[in-house]
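A structural walkthrough
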Amino acid sequence: MRSRQGRVTAITVTTGTALAVITGVLLAACGSGEPVDMPSAPATGAPAQPDPRGQLAARVAVAKDQRYIAAYTLVAQGRAPRSVLVTVATDRTWRVDIQGGALGGTADVAIANRPEGVYQCAINPASGCVRVAATNKKLPVAIDPKLQYVFIAWLDVLLDRQVPLAVAPAEPLAGTSAPCFAVEPGVTAVQPPIDAGVFCYNDRGMLVAAKIPLGQLTLTGDPAPAPETITLPGPVVTTAPLGTTSPPPPKPSASSPSVAPSISRSR
């Protein structure tokens, strides 16, 4: 019995000694006069403001991965509504059919991009396809309807942070409830990388509306599945491409001067 009690006493003394040492250390720290580091409270600054350009770029990144056939209506002041059919194929070839896209609105054309080049194809009336530029390159100004850039080339511009652009939220355009963004080129140049306008993309990355100098584009109906590749609407020919402006009126034919008939007098 005595040995058990001795052991209990030894444990009690040891524990008490440890508590005493710890208490002494804490009291010494409190009385040392040295500052004690306290954990800092987390910062509660103002929430970060949304970045319109980042929001637009996120939607454009989704748009760049889309493959589809989509129909649009183009409305411009002083002109009847025109139809635009956009095809972006699985193999990244593309074609944009534009009603009234040539000859001052009197001829329909398709702009088609294939590995062998960019073609302008007259589709109403059909007269074949003319190679007018290298693949993914701009068309000569005189024959360029420009609408194709909205769906293809301008996507890269909107994604490139190195291109100076001013982007701000915009009111939804008529016919859509998707988020819209006003875009203004930040440089003054003869040919800016993108036209100023308002662009509206839905959550699936589809352009549902756009307002540009050429007019307002509005998506009509749901997009259809994309083909494997685009086809040209006619054979490749070597004729001159159609210009965007109306051809000059034909010059009046020069009439030959009239010759007065000779009158013979009999004597």
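This text goes with the structure placed above it.
Let me begin by describing the structure that accompanies this report. (Residues numbered from 1 in each chain as written. Predicted model: local features only at pLDDT ≥ 70, side-chain atom pairs only at ≥ 80, totals over all residues. Heavy atoms only, no water.)

**Digging into the packing of aromatic side chains**
The criterion, for reference: Paired rings are identified among Phe, Tyr and Trp, the last through its six-membered ring, by centres lying within 6.5 Å, and are further divided according to the angle between planes into stacked (under 30 degrees), edge-to-face (over 60) and tilted (the rest). Only runs of H or I of at least four residues qualify as helices and only runs of E of at least two qualify as strands under DSSP, and these elements are numbered from the N terminus. Whether a residue is buried, partly exposed or exposed follows from its accessible area with a 1.4 Å probe, protein chains only, as a fraction of its type maximum: under 20%, in between, or over 50%, in that order.
Counted according to the given criterion, the structure contains two aromatic pairs. With centroids separated by 5.0 Å and ring planes inclined at 55°, the aromatic side chains of Tyr-72 and Phe-151 adopt a geometry described as tilted. In this pair, Tyr-72 sits in strand S1 (residues 68-75) while Phe-151 sits in helix H3 (residues 147-151), placing the two residues 79 residues apart along the sequence. The same class applies to Tyr-72 and to Phe-151, which are both buried. Here Trp-154 and Phe-199 contribute two aromatic rings whose centre-to-centre distance is 6.2 Å and whose plane-to-plane angle is 90°, an arrangement assigned as edge-to-face. On the criterion of sequence distance, the pair formed by Trp-154 in helix H4 (residues 153-159) and Phe-199 in strand S9 (residues 197-201) is long-range, its members being 45 residues apart. Each of the two residues, Trp-154 as well as Phe-199, counts as buried.

**A word on the layout of surface pockets**
Put simply, the rule is: Only protein atoms enter the 1 Å grid used here. Points where a 1.4 Å probe fits but cannot escape make up a cavity, open sets with protein on both sides within 12 Å along at least five of seven lines make up a pocket, and a residue lines them when an atom lies within 4 Å of a point. Grid points are joined across faces, edges and corners, and a volume is the space filled by probe spheres set on the points. All residues other than Ala, Val, Leu, Ile, Met, Phe, Trp, Tyr, Cys, Pro, Asp, Glu, Lys and Arg, Gly among them, are scored as polar; the first ten of these are nonpolar and the last four charged.
A volume near 540 Å³ is recorded for the largest pocket. Every residue lining the largest pocket is counted, 31 residues in all, and those nearest its centre are Lys-64, Trp-94, Asn-136, Ile-152 and Ala-153. At the level of secondary structure, the elements contributing two or more residues to the lining of the largest pocket comprise helix H2 (52-64), S1, strand S4 (107-114), H3 and H4. Ranked by residue count, the leading element in the lining of the largest pocket is H3, at four residues. Counted by class, the lining of the largest pocket contains 16 nonpolar, seven polar and eight charged residues. Put simply, the second largest pocket is a space of about 240 Å³. Lining the second largest pocket are 13 residues, with Lys-138, Lys-146, Tyr-149, Gln-191 and Pro-192 sitting closest to its centre. For the lining of the second largest pocket, a count of residues per class yields eight nonpolar, one polar and four charged.

**Description of the sheet that holds strand S11 (residues 215-219)**
Quick note on the threshold: Note on pairing: two strands pair once DSSP finds at least 2 bridges between them. Between N-to-C directions, angles span 0 to 180 degrees; the directions come from axes that are lines fitted to C-alpha atoms, helices contributing only their stretch in contact. Should any heavy atoms of two residues lie within 4.5 Å, those residues are counted as being in contact.
In spatial order, the strands read S6-S5-S4-S3-S2-S1-S11-S10-S9-S8-S7; together these eleven strands make up an open sheet with antiparallel pairing. Each having just a single partner strand, strand S6 (126-133) and strand S7 (165-170) make up the two edges of the open sheet. Between one strand axis and the next, the sheet turns by 20° as a mean value, whatever way the strands run. Its contacts with the sheet put H2 on S7, strand S8 (180-185) and S9, and the angle it makes with S7 is roughly 90°.

**Overview of H2**
Each α-helix turn comprises 3.6 residues. Residues three or four places apart therefore point the same way. Using the following cut-off: Expected span of a helix: the number of residues minus one, times 1.5 Å.
For H2, with 13 residues, the first-to-last C-alpha span of 18 Å sits near the 18 Å given by 1.5 Å per residue. Every buried residue of H2 is listed here: Pro-52, Arg-53, Leu-56, Ala-57, Arg-59, Val-60 and Ala-63. Summarising the contacts, the buried residues of H2 are in contact with H4, S7, S8 and S9.

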